[in-house]
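Survey of secondary and tertiary structure
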Amino acid sequence: MLDISTVTRSDPPDTLPPDFVVIDVETACSRVSSICQIGIVGFRDGREIFEYETLLDPRDEFHLFNTRIHGIAEHHVVGQPSFADVHGIVHGHLSGRTTVAHSYFDKGALAAACRVHDRPAIETVWLDSVRVAKRAWPDLESHRLGLLARYLGIEHKHHDALSDARAAGWVIVKAIDHTGIALDEWLAPPRKPGPAPRPAPSGPLSGERIAILGEPRMVPWPAGSPRWVAGSSRPSATPRPRW
């Protein structure tokens, strides 16, 4: 939940651009365009290099359900800028970069806010940190941001846009470190599965499709067992090695 004493905060980026930025938004009601808080954090070389946070007047109504989640109510945003006012700042941080969000809710909210406030769409390359986390830690019972933060030891205040953005960014950093998979590889589309095996034409598995799973491995030939060369005929008297 938001600490309302924290309002607009923006630190200038380093001279070098970030490897990726992370965005999180909170909304005032069920309409995803009703952004009332936005947080952005930039990462480079596994560390934070800038942050931006502001409350926004969503130019929409507040629903009690949403306020109970993030703690932001109508009186908190009196005098705050609208999304249209900060569109240029957000565009400057995201445009032409890799943008991380924990699920694509934030992507949809940003696109909807651009339409509602008659601002140009922000062109960026999106990366879903939920997908990254599921691949990096497949055995976790859940990949919600709060659970991931606890598991990975990330300081986190849920449903505060800046804290959520920071936590999602550290999920990416730790996933890269944990798996050895670089950022550009995470951006690559998932590999499409190969064609299904053809059914066995005859025998006890006739009509069945067989798939061998796992990595191939070399099994050592038992010491003292006769060897033969592939393509040659094995003598009928040579027993098969058993192991």
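A few points on the structure. (Residues numbered from 1 in each chain as written. Predicted model: local features only at pLDDT ≥ 70, side-chain atom pairs only at ≥ 80, totals over all residues. Heavy atoms only, no water.)

1. Considering the packing of helix α2 (residues 83–94) against helix α3 (residues 105–116)
One can describe the packing of α2 onto α3 by two numbers: an axis separation of 11 Å at closest approach and a directional angle of 135°. Judged by the angle between their axes, α2 and α3 are oblique. Here α2 runs over α3; the crossing is left-handed. Residues F83, H87, V90 and L94 of α2 touch α3, and the partners they reach there are L110, A113 and C114. Class assignment for the residues of the contact of α2 with α3 results in six nonpolar, one polar and no charged. (Axes fitted to C-alpha atoms, helices over the stretch in contact; angles between N-to-C directions. Helix = DSSP H or I, 4+ residues; strand = E, 2+ residues; numbered from the N terminus. Parallel < 35°, antiparallel > 145°, perpendicular 65-115°, else oblique. Left-handed = near helix turned anticlockwise from the far one by under 90°. Contact = heavy atoms within 4.5 Å. Nonpolar A, V, L, I, M, F, W, Y, C, P; charged D, E, K, R; others polar.)

2. So, the side chain of Q37
Relative to the helices and strands, Q37 resides in strand β3 (residues 35–44). Polar side-chain contacts of Q37 include one of 3.3 Å to the side chain of D160. Only 3.1 Å separates the side chain of Q37 from the backbone nitrogen of A161, close enough to count as a polar contact. (Polar contact = N/O pair within 3.5 Å; in protein donor to acceptor, adjacent residues only side chain to side chain.)

3. Focus on the environment of S82
The residue S82 is located in the loop between α1 (64–70) and α2 in this model. A sequence separation of 48 residues divides S82 from S34, and the C-alpha atoms of the two residues are 9.9 Å apart. For S82, the contacting residues outside a window of four places in its chain are L56, D57, R59 and H117.

4. What about the pattern of salt bridges?
Within this structure, the stated rule accounts for seven salt bridges. Across the salt bridge formed by D45 and R44, the nearest N and O atoms sit 3.9 Å from each other. Residue R59 pairs with D57 through a salt bridge whose shortest N-O separation is 2.8 Å. Using a relative accessible area of 53% as the deciding quantity, one classes R59 as exposed. (Salt bridge = Lys/Arg side-chain N within 4 Å of Asp/Glu carboxyl O. Buried < 20%, exposed > 50% of the residue type's maximum accessible area, 1.4 Å probe, protein only.)

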